[in-house]
Amino acid sequence: MSQTINANRLFYASCFALITTAFSFSIRAGILTQLGAELNLDTVQLGHINQMWFLGFPISMILGGVFYSAIGPKLIMQIALIAHTIGILLTIYATGYDTLLISTLLIGLGNGCTEAACNPMIADSYSGLDFNSKLNRFHMWFPGGIVIGSLISKFMTDASMPWQAQIWVILIPTAVYAVLFYGQAFPKPRAGAENALDSFKAMLNPLYLFMAACMALTAISEFGPQQWVGPILAKAGASPMLILALVTGLMAVGRYFAGPIIHKLNTVGVLLGSAIFGVIGLYMMSTMDGSMLYVAAVFFALGICYFWPNMLGYVSETMPQTGALGLSILGGIGMFSSSMFQPIIGAWIQENKVAAEATGLAGDAADLAAGQATLSNMLIFPAILIVAFVGLYFFGKKVNHSA
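Residues numbered from 1 in each chain as written. Predicted model: local features only at pLDDT ≥ 70, side-chain atom pairs only at ≥ 80, totals over all residues. Heavy atoms only, no water.

Undergrad: So what exactly am I meant to see when it comes to the pattern of salt bridges here?
TA: Two side chains bearing opposite charge may form a pair once their charged atoms approach each other closely. Going through the model one piece at a time under the given rule, you end up with 2 salt bridges. With a shortest N-O distance of 3.0 Å, K154 and D158 are connected by a salt bridge. Within this pair, K154 and its partner D158 are both found in helix α4 (residues 128-158), separated by 4 residues, close to a single helical turn. Here D367 makes a salt bridge to K353, at a shortest N to O gap of 3.0 Å. Of this pair, D367 sits in helix α15 (residues 363-378) while K353 sits in helix α14 (residues 323-358); the two residues are 14 residues apart in sequence, bridging distant segments of the chain. Residue classification places D367 among the partly exposed positions, given a relative accessible area of 23%. (Salt bridge = Lys/Arg side-chain N within 4 Å of Asp/Glu carboxyl O. Helix = DSSP H or I, 4+ residues; strand = E, 2+ residues; numbered from the N terminus. Buried < 20%, exposed > 50% of the residue type's maximum accessible area, 1.4 Å probe, protein only.)

Undergrad: Can you help me understand a nonpolar patch on the surface in this one?
TA: A contiguous nonpolar patch, built from I59, L63, V66, F67, I71, L75 and I79 and spanning about 550 Å² of accessible area, is present on the exposed surface. Note on placement: I79 falls in helix α2 (residues 43-92). (Patch = residues over 30% accessible without salt bridge, like charges linked within 9 Å, V, L, I, M, F, W, Y side chains within 5 Å. Areas by Shrake-Rupley, 256 points an atom, 1.4 Å probe, with all protein chains shown as cover.)

Undergrad: Would you explain the packing of helix α8 (residues 206-227) against helix α13 (residues 307-318) in this entry?
TA: The relative placement of two packed helices comes down to the angle between their axes together with the axis-to-axis distance. Contact geometry of α8 with α13 gives a least axis separation of 9 Å together with a crossing angle of 170 degrees. Between α8 and α13, the crossing angle belongs to the class labelled roughly antiparallel. Viewed along their axes, α8 and α13 form a crossing whose handedness is left-handed. Between α8 and α13, the residues in contact are L207, Y208, M211, C214, M215, T218, A219, S221, E222 and F223 and F307, W308, M311, L312, Y314, V315 and T318, respectively. Here the contact of α8 with α13 is composed, by residue class, of 13 nonpolar, 3 polar and 1 charged. (Axes fitted to C-alpha atoms, helices over the stretch in contact; angles between N-to-C directions. Parallel < 35°, antiparallel > 145°, perpendicular 65-115°, else oblique. Left-handed = near helix turned anticlockwise from the far one by under 90°. Contact = heavy atoms within 4.5 Å. Nonpolar A, V, L, I, M, F, W, Y, C, P; charged D, E, K, R; others polar.)

This is the structure we're talking about:
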């Protein structure tokens, strides 16, 4: 007798797994300054530690996509649980740079397994507008989890609690998703998307390759400023963790109500609007300080809010033959791009601080100038996306008219 699939329970479990990912992102962002001071790490070393989180993500995401049809989401999520648990515990008991590299890589691997299993599992469990709504609501919990994690981190940091205590918190959603997934039946991959070779051939479509290039830019536009919010905005006259909470809180709300917006503007229109707001938000953050940074954060949030789920949604809808592998590769490219830029951003901060000090600035003023200059460097990513999505918008119209 086959076990009935409880799609909603699987969905809720997936959400808690993504909250684990979000906590590992936001709490690490919150303790970055503490880590540097306590373990004597410079911003380039911190960049390499961040890189491991983003590097582990695409490795397991892509491998999970390749083997999804063969081993199924259940085994992938079991691997995620093991990687998360060991990575979190290793981080707590880390004594230096090398241990943090390994532990952060393991957490990244667990996060990638979550994406590799849950995105196609949701696609296999729901369809149509219900699928779009569920996918956006699933991805709502990445920013939603960051809101919760960043506020927890701020509270614990303000209370002078050690960074290790903050890492323990990440185990809470890990335990919850383990319990929710336990003993459940999982859906089988959709017919026509089960063969990895067929999926790979479908990915050679120029449109998919174009979307993959855009994914690299949308990911770094979203994750670059957020992951470095502490060091970049530490001296800007506003709380970096409150800004992170504000940005991700608005992202969560926006993704929750994404369905009607996508219905009115279509997916490409939403992506184009996101790129425009992203440029405006980053420009404002790079030129403002004090309480005006909270206003700038609103524009930035509106910009990056719909990038990730709608990049995946567009490919899933227009090129369903790419299957689970196509979604995993796309997400993997986004995370790999973010990984490669982590040490670069750390170096930008160092170089911009040296440049600021060369102009006579010192102390907090030099840190502020370095942070603003680094945000200016990041403006290029969403600016390129505006041009790319304008082209995609008119290309999509041309295809629809000719169909």
